[in-house]
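Chain by chain, the residues:
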Amino acid sequence: MEQIDTLVIGAGVVGLAAALAVARRGHTVCVLEREPRPGMGTSTHNSQVIHGGMYYPAGSLKARHCVAGARMLYDFCETHGVPHRRSGKFIVATDDHEIPVLEHIYARGQANGVEGLQMVDSAFVAKHEPNVRAAAAIFSANTGILEAEALVKTLARLCVEQDVALLPSTAVVGADVQQGGIRVRTGAETIHARAVVNAAGLYADDISAMCGGTAFTIYPCRGEYAELVPSRRAMVNGLVYPVPHTHGLGVHLSKTLHGNVTLGPTARYQDRKDDYEGDRLPLEDFVEPAQKLLPWVTLADLRLGGSGIRAKIHPPNESFADFMIERDSMSPRLVQVAGIESPGLTSCLAIGAHVASLVEEIV
């Protein structure tokens with residue numbers, strides 16, 4: 001049986017960032033990943049945006065880790081050559097009735113310490129995004145975009161350089177709480193860890209149950225994307241968001257580092273945690289939300305894009321739940337890192353540092 005200080009379950013950006021932070025504190029670390037390579041789940045099935053942090057309640061983990069994590073992530077990308085761009089972002093009110101919502105978001109951003117926010121008028125929007133309809137907007141100068149796959153690869157490389165053992169295609173099949181640790185079983189071996197970090201994303205509730213932890217439910221919520229056809233990509237210059245809706249930030253426009261323009265994601269709860277393509281929304285369903293931001297859009301301007309699945313920790317009749325980042329009350333050698341939906345990508349390095357401090361209490 002292998003002995004390890006810390007076992008991290010899940011090699012998305014959060015699990016990798018946690019593993020790196022723990023290893024840099026001098027502990028032995030192993031990461032288990034059920035998929036063939038790191039970052040194949042939510043980490044690379046998203047809008048790839050570095051968020052500012054203005055949406056989340058003041059004092060929440062989402063607010064704190066997003067604001068701090070954005071600064072950390074920009075520094076990390078600069079240091080390690082991860083492609084990124086501080087493009088700025090508009091959150092637009094398409095008519096006067098939505099302006100009070102903008103004012104509320106702006107006030108929340110100020111309370112959260114978000115830098116570079118300003119309320120702007122339609123003329124300011126038109127100067128930067130002439131094809132977007134806006135009565136007014138928030139401009140977030142520090143919001144940006146990155147290449148998520150490159151971030152995953154860089155975090156994985158740095159983990160290996162810190163002697164972290166990365167084990168892809170290795171699903172957890174069982175676990176037992178033992179004296180002085182948790183014994184975790186895979187199909188190939190048993191690993192005894194003094195601390196286990198549950199960063200299993202969509203499967204975090206299953207891992208918690210195996211490790212004797214608190215019961216909770218992960219609700220898979222699929223987000224689907226359309227794209228502007230190549231001939232229409234020049235009509236959008238950066239990131240344009242509507243005012244947010246109940247289960248996400250709204251169907252928004254994102255110009256990626258490669259120049260394509262995505263429209264999405266939608267939000268639909270589903271039963272399966274691995275169903276990215278079944279019963280896809282028809283392309284026609286994207287026309288109306290696209291026209292809210294780009295009035296000239298027709299069906300011919302769109303084509304289907306990808307999809308992702310959020311690991312939500314609240315049911316569809318609730319609108320918000322904070323990140324779960326804590327030592328488990330029932331299994332104190334288990335560190336829960338669950339419900340990491342947006343802004344999880346932005347927050348990953350800040351979450352990693354938080355997790356490392358919790359692991360220090362154990363090992």
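Look above for the structure.
Scoring rules and cut-offs
Residues numbered from 1 in each chain as written. Predicted model: local features only at pLDDT ≥ 70, side-chain atom pairs only at ≥ 80, totals over all residues. Heavy atoms only, no water. Helix = DSSP H or I, 4+ residues; strand = E, 2+ residues; numbered from the N terminus. Rg over C-alpha atoms; globule rule 2.2 N^0.38 Å. Buried < 20%, exposed > 50% of the residue type's maximum accessible area, 1.4 Å probe, protein only. Contact = heavy atoms within 4.5 Å. Areas by Shrake-Rupley, 256 points an atom, 1.4 Å probe, with all protein chains shown as cover. Lys, Arg positive; Asp, Glu negative; His and termini not counted. Charge placed at Lys NZ, Arg CZ, Asp CG, Glu CD. Pairing = 2+ DSSP bridges. 1 Å grid on protein atoms, 1.4 Å probe; cavity = no way out; pocket = protein on both sides within 12 Å on 5 of 7 lines; lining within 4 Å. Points joined across faces, edges and corners; volume = space filled by probe spheres on them. Nonpolar A, V, L, I, M, F, W, Y, C, P; charged D, E, K, R; others polar. Core = buried A, V, L, I, M, F, W, Y, C linked by side-chain atoms within 4.5 Å. Phe/Tyr/Trp six-rings, centres within 6.5 Å; stacked < 30°, edge-to-face > 60°. Salt bridge = Lys/Arg side-chain N within 4 Å of Asp/Glu carboxyl O.

Student: Any chance you could explain the overall build of the protein here in plain terms?
Tutor: Secondary structure assignment for the protein yields 8 helices and 20 strands. Whereas a compact globule of 363 residues would reach a radius of gyration of roughly 21 Å, the protein reaches 21 Å, a difference of no more than 12%. In terms of its C-alpha atoms, the protein occupies a principal-axis envelope of roughly 65 × 40 × 40 Å. Here the protein, with 363 residues, has 58% of them falling under the buried criterion. A sequence separation of at least 24 residues applies to 73% of the contacts in the protein between residues at least 6 apart. Total accessible area computed for the protein in this model is approximately 14500 Å², and 50% of it derives from carbon and sulfur atoms. A gap of 3 Å separates the mean positions of the 32 positive and 39 negative side-chain charges of the protein.

Student: How should I be thinking about the pairing of strand 19 (residues 324-327) in this particular structure?
Tutor: In the case of a regular strand, side chains alternate between the two sheet surfaces. Here strand 19 pairs with strand 20 (residues 334-338) via 4 bridges, running antiparallel. By the bridge assignment, E326 is partnered in strand 20 with Q336. Connecting strand 19 to the next strand, strand 20, in antiparallel fashion are 6 residues.

Student: Honestly, the layout of surface pockets in this entry has me stumped. Any pointers?
Tutor: One simple way to see leftover space: roll a probe sized like a water molecule over the atoms. Of the pockets and cavities examined, the second largest pocket occupies roughly 290 Å³. Lining the second largest pocket are 14 residues, and of these T44, N46, Q48, E227 and T262 lie nearest its centre. Among the elements of the structure, strand 13 (219-228) and strand 18 (302-312) are those that each provide at least two residues to the lining of the second largest pocket. Residues that form the lining of the second largest pocket fall into these classes: 1 nonpolar, 11 polar and 2 charged.

Student: Just to check I follow, could you spell out the nonpolar core for this structure?
Tutor: The nonpolar side chains of a soluble globular protein tend to be buried with one another. Formed by 50 residues in total, the largest nonpolar core has its most connected members in L151, I325, V337 and V355. Contributions of two or more residues to this core are made by helix 1 (13-23), strand 2 (29-32), helix 2 (61-80), helix 5 (148-161), strand 12 (190-198), strand 20 and helix 8 (344-362). Tallying contributions element by element places helix 1 first for this core, with 10 residues. Formed by 28 residues, the second largest nonpolar core is a distinct cluster that contains I191, Y203, F216 and I218.

Student: How should the environment of P57 be read in this particular structure?
Tutor: By the element assignment, P57 lies in the loop between strand 3 (49-50) and helix 2. Residue classification places P57 among the partly exposed residues on the basis of a relative accessible area of 25%. Between the alpha carbons of P57 and G306 there is a distance of 30 Å; along the sequence they are 249 residues apart. Ignoring anything within four residues of it in the chain, the contact list for P57 reads A63, R108, N112 and F320.

Student: I would appreciate a short explanation of the packing of aromatic side chains in the present structure.
Tutor: For any pair of aromatic rings, the description rests on two quantities: the centre-to-centre distance and the angle between the ring planes. Scanning all chains against the criterion turns up 5 aromatic pairs. For the pair Y219 and Y269, a centre-to-centre distance of 6.3 Å together with 65° between the ring planes defines the contact as edge-to-face. Linking Y219 in strand 13 with Y269 in strand 17 (residues 268-269), this pair joins segments that are 50 residues apart in sequence. An aromatic cluster of at least three residues, connected via ring pairs, comprises F90, F124 and F139.

Student: How should I be thinking about the pattern of salt bridges in this particular structure?
Tutor: Should their charged atoms come close, side chains of opposite charge can pair. What the rule picks out here adds up to 20 salt bridges. D205 is the partner of K273 in a salt bridge, and the nearest nitrogen-oxygen pair spans 2.7 Å. In this pair, K273 is assigned in the loop between strand 17 and helix 7 (287-293) and D205 in helix 6 (residues 204-210), connecting sequence segments 68 residues apart. Overall, K273 belongs to the buried group, its relative accessible area being 15%. Here D279 and R268 are joined by a salt bridge, their closest N and O atoms 3.6 Å apart.

Student: Would you mind showing me how to read the sheet that holds strand 4 (residues 84-85) here?
Tutor: By way of backbone hydrogen bonds, the strands of a sheet pair with one another, either parallel or antiparallel. With antiparallel pairing, 3 strands are arranged side by side in an open sheet as 3-8-4. The open sheet has two free edges, formed respectively by strand 3 and strand 4, since each of these has just one partner strand. Relative to strand 8 (residues 144-146), strand 4 runs antiparallel, the two sharing 2 bridges. Within strand 8, the residue paired with H84 across the bridge is L146.

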